[in-house]
Amino acid sequence: MKLFASFLTLLLFSSHALAQTTWQIDKSHSNINFTVSHMVVSETAGKFKFFDGKIIAKSDDFVDSEIEFTIDASSINTEDEKRDGHLKSPDFFDVEKYPKITFKSKSFKKIDEKNYQLIGDLTMHGVTKEVVLDVIYNGMAKSPSGVIKAGFKVVGKINRTDFGLKWNKTLDNGGLLVGEDVNFVCNIELDKKS
């Protein structure tokens, strides 16, 4: 009887393990973009060029997936070398001291067929804060080479000062040179690992 119980436990554990699927980011078809206000009157856009991550899906609809993401902070690119150098400096990201931005999920819930809510811990500049993100699920497709793909759009907003990125200057009109709110959009394409 004890042997049968042990076998049943092993069988259940194996079935659970088999039900999980690992997905990896197709970096050539994914991007991380952000905007921040400049002098109140306009927005400056940027992106991070180097990043990686994976999703361990527990079901076909990705509910409660485990999501981990890492960004190379020094890969920030706003199409202006001088500005990028300032953003990498201790005034902002301080990439020498804090080279990585990381995200680890706490929950991934389905709202309807296309919309999800992602909650997790974002660590940036040595500070970890819980963030809530909106996710649009664009579905699955098989590539010509036979790889199963899944696509998501992640939208969110954070206040950079919450993470210690507080550098700024006050303008004559009382506004701030650089906005505190950072809006970002991530287009993520995943490859299903066999």
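Our subject is the structure listed above.
Parameters at a glance
- Residues numbered from 1 in each chain as written.
- Predicted model: local features only at pLDDT ≥ 70, side-chain atom pairs only at ≥ 80, totals over all residues.
- Heavy atoms only, no water.
- Helix = DSSP H or I, 4+ residues; strand = E, 2+ residues; numbered from the N terminus.
- Buried < 20%, exposed > 50% of the residue type's maximum accessible area, 1.4 Å probe, protein only.
- Core = buried A, V, L, I, M, F, W, Y, C linked by side-chain atoms within 4.5 Å.
- Contact = heavy atoms within 4.5 Å.

Caption draft 1: Highlighting unusual backbone geometry. Positive phi outside glycine occurs at phenylalanine 62, with the angle close to 70°. Within the element layout of this structure, phenylalanine 62 appears in the loop between strand S4 (51–57) and strand S5 (66–72). In this structure, aspartate 94 takes a positive phi of about 50° despite not being glycine. Mapped onto the elements, aspartate 94 comes out in the loop between helix H2 (81–88) and strand S7 (100–110). Overall, aspartate 94 belongs to the buried group, its relative accessible area being 15%.

Caption draft 2: Main features of the nonpolar core. Core analysis: the biggest nonpolar cluster contains 44 residues, and Phe62 and Phe93 have the highest contact counts within it. The dominant element in this core, judged by the number of residues it contributes, is strand S11 (residues 178–192), at 6 residues. Beyond its immediate stretch of four places on either side in the chain, phenylalanine 93 contacts Phe48, Ile76, Leu87, Lys88, Tyr98, Ile101, Met124, His125 and Leu165.

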